[in-house]
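Examination of the molecular architecture
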Amino acid sequence: MPFSVNGILCTLALLLLWRAEELAEACSCAPVHPQQAFCNADVVIRAKVVGEREVDSGNDIYGNPIKRIQYDVKQIKMFKGPNEDIEAVFTAPVSAVCGVTLDANGKKEYLISGKAEAGGRMHVTLCDYIMLWDSLSNTQKKGLSQRYQMGCECKIVRCPSLPCEISAPEECLWTDLMIEKQVHGRQANHYACIKRADNSCSWYRGVASPKKEFLDGEEP
């Protein structure tokens, strides 16, 4: 009996270690402002997902097949990317390795950002900015067309604790997580970090294009 108990304990210990390793490998992403996600991405599109299937994408170093999910998409508009329509979006098969789940019935429109691949394809992860189009604010939609690109030389800095402040003039302080306790707060939904004539950066709110007075240095 002692041998059996020891065997069970060893098995449980191995299972716990395996589970701990599995959790350690789970997907983890730092929150980013939508503008930062736009600037970091190779491709940003508005699209409908019209198909889904699992495909092979070569083999790993041990010879095991690498599986990915391929979403066939109908591109509505490209905000950033190559000079060809995106026809397929690839992602990992499970969320534990940052795979993204999209509705493939063709009824929902998404904003999809990610990394470019050859031949009208892109790859996305849970760390990329992917949202239902109808959930975006008017300011965010306007930002995708021009505003965010104007601020890609700026740096959006997340406030880790209060008090916090910028350390350089080209920075904008993002406080949504600290003040509102959420990623999709006031600054994420309604503000863009815009570069001014003096190369400093500042938050700008509004759907209309920034006026010359703002770009020249007047506070919003």
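Described in the following lines is the structure provided in the data block. Predicted model only: the values in this text are computed from it and were never measured.

**Brief notes about helix H3 (residues 138-150)**
In an α-helix there are 3.6 residues to a turn, and that puts residues three or four apart on one side. Helix length check: H3, at 13 residues, gives a terminal C-alpha distance of 17 Å against a target of 18 Å (1.5 Å per residue), a fit within 8%. Along H3, the largest kink reaches about 75° and is centred on Leu144. Of all the residues in H3, the buried ones are Thr139, Gln140, Gly143, Leu144, Arg147 and Tyr148.

**With respect to the pairing of strand E8 (residues 171-174)**
Alternating positions in E8 separate into two faces, Glu171 and Leu173 on one and Cys172 and Trp174 on the other, with burial throughout. Relative to E8, strand E7 (residues 155-158) runs parallel, the two being bridged by 4 bridges. Counterpart to Arg158 in the pairing with E8 is Trp174.

**Topic: the pattern of salt bridges**
The final tally for this structure, using the stated rule, is 7 salt bridges. Ionic pairing is found between Lys195 and Glu153, a salt bridge with its closest N-O pair at 2.3 Å. Separated by 42 residues along the polypeptide, Lys195 in strand E9 (residues 191-195) and Glu153 in the loop between H3 and E7 bring together distant segments of the chain. Owing to a relative accessible area of 25%, Lys195 belongs among the partly exposed residues under this scheme. Within this structure, Arg68, Glu117 and Arg121 form a network of salt bridges that share partners.

**With respect to the packing of aromatic side chains**
Counted under the stated rule, the structure contains 3 aromatic pairs. With a centroid separation of 5.9 Å and an interplanar angle of 10°, the aromatic rings of Phe79 and Trp133 are classed as stacked. Remark: Trp133 occurs in the loop between strand E6 (130-132) and H3 and Phe79 occurs in strand E2 (residues 65-80); sequence separation between them is 54 residues. Pair check on accessibility: Phe79 and Trp133 agree, each one buried. One cation-aromatic arrangement involves Lys80 over Phe38; the distance from NZ or CZ to the ring centre is 5.2 Å.

**Structural notes on the nonpolar core**
Judged by nonpolar contacts, the single largest core of 16 residues is most densely connected at Leu102, Ile112 and Met122. Listing elements by their share of this core, those giving two or more residues are strand E1 (43-59), E2 and strand E4 (109-117). Ranked by residue count, the leading element in this core is E1, at 4 residues. For Leu102, the contacting residues outside a window of four places in its chain are Val49, Glu52, Tyr71, Tyr110, Ile112 and Ile130. Grouped together as the second largest cluster of nonpolar side chains are 15 residues, Val44, Leu111, Tyr129 and Tyr204 included.

**A short note on empty space enclosed by the protein**
Taken as a whole and assessed by the stated rule, the structure comprises 1 cavity of 30 Å³ or more. In this structure, the largest cavity occupies an estimated 60 Å³ of space. For the largest cavity, the full set of lining residues is Pro34, Ala37, Phe38, Val44, Leu111, Ser113, Tyr129, Leu136, Gln140, Leu144 and Tyr148. Going through the elements one at a time, helix H2 (34-40), E4 and H3 are the ones with two or more residues in the lining of the largest cavity. For the lining of the largest cavity, the residue count by class is 9 nonpolar, 2 polar and no charged.

**Considerations on unusual backbone geometry**
For residues besides glycine, phi is generally negative; the peptide bonds are generally trans as well. Of note, the bond from Leu162 into Pro163 is cis; its omega dihedral lies within 30 degrees of zero at -5°. Relative to the helices and strands, Pro163 is located in the loop between E7 and E8. Positive phi is not limited to glycine here, since Cys98 has a value of about 75°. On the secondary structure map, Cys98 appears in the loop between strand E3 (88-91) and E4. Judged by relative accessible area, which is 15%, Cys98 ranks as buried. Within the chain, Lys181 stands out as a residue other than glycine whose phi angle is a positive 60°. By the element assignment, Lys181 lies in the loop between helix H4 (176-180) and helix H5 (186-190).

Criteria and cut-off values
- Residues numbered from 1 in each chain as written.
- Predicted model: local features only at pLDDT ≥ 70, side-chain atom pairs only at ≥ 80, totals over all residues.
- Heavy atoms only, no water.
- Helix = DSSP H or I, 4+ residues; strand = E, 2+ residues; numbered from the N terminus.
- Expected span 1.5 Å × (residues − 1).
- Bend = angle between axes of the 7 residues up to and from the residue.
- Buried < 20%, exposed > 50% of the residue type's maximum accessible area, 1.4 Å probe, protein only.
- Pairing = 2+ DSSP bridges.
- Salt bridge = Lys/Arg side-chain N within 4 Å of Asp/Glu carboxyl O.
- Phe/Tyr/Trp six-rings, centres within 6.5 Å; stacked < 30°, edge-to-face > 60°.
- Lys NZ or Arg CZ within 6 Å of the ring centre and 35° of its normal.
- Core = buried A, V, L, I, M, F, W, Y, C linked by side-chain atoms within 4.5 Å.
- Contact = heavy atoms within 4.5 Å.
- 1 Å grid on protein atoms, 1.4 Å probe; cavity = no way out; pocket = protein on both sides within 12 Å on 5 of 7 lines; lining within 4 Å.
- Points joined across faces, edges and corners; volume = space filled by probe spheres on them.
- Nonpolar A, V, L, I, M, F, W, Y, C, P; charged D, E, K, R; others polar.

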